[in-house]
Amino acid sequence: NAGVTQTPKFQVLKTGQSMTLQCAQDMNHNSMYWYRQDPGMGLRLIYYSASEGTTDKGEVPNGYNVSRLNKREFSLRLESAAPSQTSVYFCASNAGLDQPQHFGDGTRLSIL
Amino acid sequence: GENVEQHPSTLSVQEGDSAVIKCTYSDSASNYFPWYKQELGKRPQLIIDIRSNVGEKKDQRIAVTLNKTAKHFSLHITETQPEDSAVYFCAASKGSGYSTLTFGKGTMLLVSP
């Protein structure tokens, strides 16, 4: 049972490049989330998907798009990367309302 | 929206001492309060959570207390060990309809042998 799997684990991009971060969970969870973690800022919600077929903006959605591909997979896309998007990105999932969230190992993204 | 304040930002204790981390929240409708532990370079992991119908919850050396009137909740770790060294995050969410977690900025706990 892998839980929440994120790929890639590390990535370096140049300003203006695009990329997609992948997330998959094997716990049959309904809800999935994307967070970014910056030093001293805690975890900030970028986008979430309450259930398959729905997505909503979180606290810091600008510069990102998401796709809930199916119940298992939720991807995060940076269309034109900027240095301010250098961060550690975590995907999480849970069964639903007020249930514990389970996190992936994170993607460390640097944009030069 | 919800705002969660967490104090202190860093906490240093000697092995065997107790550690207390405090959080306040702004939305009186919040009723779910989890705590996560994150070791360096690792994922956040849930260590304990509490819901608003409970004032205190304990799991071995860790406990969480909730004061809904004052809108604050605290994490208590007793008999601290070096392996307790990590960053701890509190969070809050509402129970009505679909809700998301709002996290505090974290507390770095250092336990010296």
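Above this note sits the structure.
Computed from a prediction, not measured in an experiment: that's the story for all the values here. (Residues numbered from 1 in each chain as written. Chains lettered and ligands numbered in written order. Predicted model: local features only at pLDDT ≥ 70, side-chain atom pairs only at ≥ 80, totals over all residues. Heavy atoms only, no water.)

Q: Would you take a moment to explain the overall build of chain A for this structure?
A: Secondary structure summary: chain A contains zero helices and 11 strands in total. Here the C-alpha atoms of chain A give a radius of gyration of 13 Å, agreeing with the 13 Å that 2.2 N^0.38 yields for 112 residues. Taking the principal axes of its C-alpha atoms as reference, chain A extends roughly 35 × 25 × 25 Å. By the burial criterion, 48% of the 112 residues in chain A qualify as buried. Here the contacts in chain A between residues at least 6 apart in sequence split such that 55% fall between residues at least 24 apart. As displayed, chain A has an accessible area near 5,000 Å², and 49% of this comes from carbon and sulfur atoms. Positive and negative side-chain charges in chain A, numbering 10 and 9 respectively, have mean positions lying 6 Å apart. (Helix = DSSP H or I, 4+ residues; strand = E, 2+ residues; numbered from the N terminus. Rg over C-alpha atoms; globule rule 2.2 N^0.38 Å. Buried < 20%, exposed > 50% of the residue type's maximum accessible area, 1.4 Å probe, protein only. Contact = heavy atoms within 4.5 Å. Areas by Shrake-Rupley, 256 points an atom, 1.4 Å probe, with all protein chains shown as cover. Lys, Arg positive; Asp, Glu negative; His and termini not counted. Charge placed at Lys NZ, Arg CZ, Asp CG, Glu CD.)

Q: Can you walk me through the pairing of strand β3 (residues 19-25) of chain B in this structure?
A: The two faces of the sheet receive side chains in turn, since in a regular strand these alternate between them. Residue and element names in this part refer to chain B. Alternating positions in β3 separate cleanly, Ala 19, Ile 21, Cys 23 and Tyr 25 being buried on one face and Val 20, Lys 22 and Thr 24 remaining unburied on the opposite face. In this sheet, β3 lies alongside strand β1 (residues 4-7) in antiparallel orientation, the contact comprising four bridges. Bridge pairing in β3 links His 7 to Lys 22. Note: β3 against strand β8 (residues 72-77), six bridges, orientation antiparallel. Paired with Ala 19 across the strands is Ile 77, a residue of β8. (Pairing = 2+ DSSP bridges.)

Q: Where do I start with unusual backbone geometry in this structure?
A: What you tend to see is this: most non-glycine residues have negative phi, and most peptide bonds are trans. The amide bond that connects Thr 7 of chain A to the next residue, Pro 8 of chain A, takes the cis arrangement and shows omega of -5°. Within the secondary structure, Pro 8 of chain A sits in the loop between β1 (4-7) and β2 (10-13). With an omega of -5°, the peptide bond between His 7 of chain B and Pro 8 of chain B qualifies as cis. The residue Pro 8 of chain B is located in the loop between β1 and β2 (10-14) in this model. Here the phi dihedral of Gln 60 of chain B falls at roughly 55°; this positive angle occurs in a residue that is not glycine. The residue Gln 60 of chain B is located in the loop between β6 (56-59) and β7 (62-67) in this model. On the basis of relative accessibility, which here comes to 72%, the residue Gln 60 of chain B falls in the exposed class. In this model, Glu 79 of chain B sits at a positive phi of 45°, which is unusual for a non-glycine residue. Tracing the backbone through its elements, the reader meets Glu 79 of chain B in the loop between β8 and β9 (86-94).

Q: How should the environment of Glu 59 of chain A be read in this particular structure?
A: Residues and elements named next belong to chain A. Within the secondary structure, Glu 59 sits in the loop between β6 (56-57) and β7 (64-68). Remark: the alpha-carbon pair of Glu 59 and Tyr 35, spanning 24 residues in sequence, is separated by 9.4 Å. Dropping the residues within four chain positions of it, Glu 59 is found in contact with Arg 44 and Leu 45.

Q: Before we go on, may I ask you to explain the side chain of Ser 74 of chain B in this structure?
A: Residue and element names in this part refer to chain B. Of note, Ser 74 is situated in strand β8. Here Ser 74 falls in the buried class, since its relative accessible area comes to 6%. Apart from residues no more than four positions distant in its own chain, Ser 74 is found in contact with Val 20, Ile 21, Lys 22, Trp 35, Ala 63, Val 64 and Thr 65.

Q: Would you take a moment to explain the nonpolar core for this structure?
A: The nonpolar side chains of a soluble globular protein tend to be buried with one another. In terms of nonpolar packing, the biggest core is built from 23 residues, with Trp 35, Phe 73 and Leu 109 of chain B touching the most fellow members. Broken down by secondary-structure element, the contributors of at least two residues to this core are β2, β3, β4 (30-38), β5 (45-51), β7, β8, β9 and β11 (107-112) of chain B. Ranked by size, the runner-up nonpolar core spans 20 residues in total, among them Met 19, Cys 23, Tyr 47 and Tyr 89 of chain A. (Core = buried A, V, L, I, M, F, W, Y, C linked by side-chain atoms within 4.5 Å.)

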